[in-house]
Amino acid sequence: MQQEKPKICVLDTNLLVDDPEAINNFEENDVWLHGAVFEELDGLKRKPDKAYDARAAIRYINEYAEKGWLNDGVPTPGGGKLFVGFTLDSEFDLLPVGLEKNNDNRMILLAKKLQMANPDRQVIFVSNDIAPRSKANACRIFSEPYKHNLIDKIYTGTKIIDLV
């Protein structure tokens with residue numbers, strides 16, 4: 001029986017805000033971030049409801065950057081690697097006509113380029129936002145939500161109140 005090759009997971013910014021340590025949760029699979037993720041995280045530092053998590057995600061990515069070159073891949077705890085990649089505006093012709101040159105579509109474009117460069121590996125666009133996942137699907141790229149942190153955010157239904 002032939003062993004399945006590790007997957008390539010292209011992460012959307014929103015899941016890093018939901019779980020700044022998400023990079024560690026993809027086991028032996030390679031994790032890719034588009035350079036636009038840094039721009040989005042930097043912008044979110046100014047939004048009160050997202051600032052803490054955006055800063056935590058940036059610090060966490062920086063821990064990887066201190067271990068090696070992100071464009072070459074830095075090992076993750078599960079045996080995969082973290083990479084940062086970029087796309088050119090001229091490469092948008094790989095996607096269907098009509099998609100704007102915005103950050104979500106740049107991440108989808110990165111997934112498309114990786115899919116074309118690695119036909120023997122499954123490429124998955126991972127996002128908690130339905131619209132980019134649907135666009136990825138329309139571009140024939142597998143997409144799925146990030147599920148690892150859902151249990152931690154469920155309200156238990158109990159609260160301790162001290163009555164003085």
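Structure first, text after, so check above.
If you're wondering where the values come from, they're calculated on a predicted model, not measured in any experiment. (Residues numbered from 1 in each chain as written. Predicted model: local features only at pLDDT ≥ 70, side-chain atom pairs only at ≥ 80, totals over all residues. Heavy atoms only, no water.)

Engineer: Can you walk me through the overall build of the protein chain in this structure?
Structural biologist: Helix and strand counts for the protein chain stand at five helices and six strands. In the protein chain, the order of α-helices and β-strands from amino to carboxyl end is β-α-β-α-α-β-β-α-β-α-β. Out of the 164 residues belonging to the protein chain, those deemed buried represent 41%. Only carbon and sulfur atoms are counted for the fraction: they give 53% of the accessible area of the protein chain, which is about 10,100 Å². (Helix = DSSP H or I, 4+ residues; strand = E, 2+ residues; numbered from the N terminus. Buried < 20%, exposed > 50% of the residue type's maximum accessible area, 1.4 Å probe, protein only. Areas by Shrake-Rupley, 256 points an atom, 1.4 Å probe, with all protein chains shown as cover.)

Engineer: Just to check I follow, could you spell out the packing of helix 4 (residues 103–117) against helix 5 (residues 130–138) for this structure?
Structural biologist: Pairs of packed helices are described in terms of their axes, by the angle between the two and the distance that separates them. Following both chains from N to C, one finds helix 4 and helix 5 inclined at 40°, their axes separated by 10 Å at the closest point. Accordingly, the angle class assigned to the pair helix 4 and helix 5 is oblique. The crossing of helix 4 and helix 5 is right-handed. Here Asp104, Asn105 and Ile108 of helix 4 come into contact with helix 5, specifically with Pro132, Lys135 and Ala136. When the residues that make up the contact of helix 4 with helix 5 are grouped by side-chain class, the tally is three nonpolar, one polar and two charged. (Axes fitted to C-alpha atoms, helices over the stretch in contact; angles between N-to-C directions. Parallel < 35°, antiparallel > 145°, perpendicular 65-115°, else oblique. Left-handed = near helix turned anticlockwise from the far one by under 90°. Contact = heavy atoms within 4.5 Å. Nonpolar A, V, L, I, M, F, W, Y, C, P; charged D, E, K, R; others polar.)

Engineer: What is the right way to look at the packing of aromatic side chains in this model?
Structural biologist: The description of an aromatic ring pair rests on the distance of the ring centres and on the angle between the ring planes. Here the structure, examined in full by the defined rule, presents three aromatic pairs. On the numbers, 5.8 Å between centres and 25° between planes, the contact of Phe26 with Tyr146 is stacked. Residue Phe26 is found in the loop between helix 1 (13–18) and strand 2 (30–34), and its partner Tyr146 is found in the segment after strand 6 (142–144); the two are separated by 120 residues along the sequence. When its relative accessible area of 10% is taken as the criterion, Phe26 is described as buried. By relative accessible area, Tyr146 is classed as buried at 4%. Aromatic side chains Trp32 and Phe83 sit 4.5 Å apart centroid to centroid with 10° between the ring planes, which places their arrangement in the stacked category. Of this pair, Trp32 sits in strand 2 while Phe83 sits in strand 4 (residues 81–85), and the two are 51 residues apart along the sequence. Residue class for Trp32 comes out buried when judged on its relative accessible area of 15%. Classification of Phe83 as buried rests on a relative accessible area of 12%. Positioned above the aromatic ring of Tyr64 is the side chain of Lys67, whose terminal nitrogen or guanidinium carbon lies 5.3 Å from the ring centre. (Phe/Tyr/Trp six-rings, centres within 6.5 Å; stacked < 30°, edge-to-face > 60°. Lys NZ or Arg CZ within 6 Å of the ring centre and 35° of its normal.)

Engineer: Looking at this structure, how should I read the sheet that holds strand 6?
Structural biologist: Backbone-to-backbone hydrogen bonds pair the strands of a sheet. The strands run either parallel or antiparallel. Taken in spatial order, the six strands line up as 3-4-2-1-5-6 in an open sheet, and their pairing is mixed. Two strands close off the open sheet at either side, each with one partner strand: strand 3 (74–75) and strand 6. Where strand 1 (residues 8–11) and strand 5 (residues 123–126) come together, four bridges link them in parallel fashion. Bridge pairing in strand 5 links Val10 to Phe125. (Pairing = 2+ DSSP bridges.)

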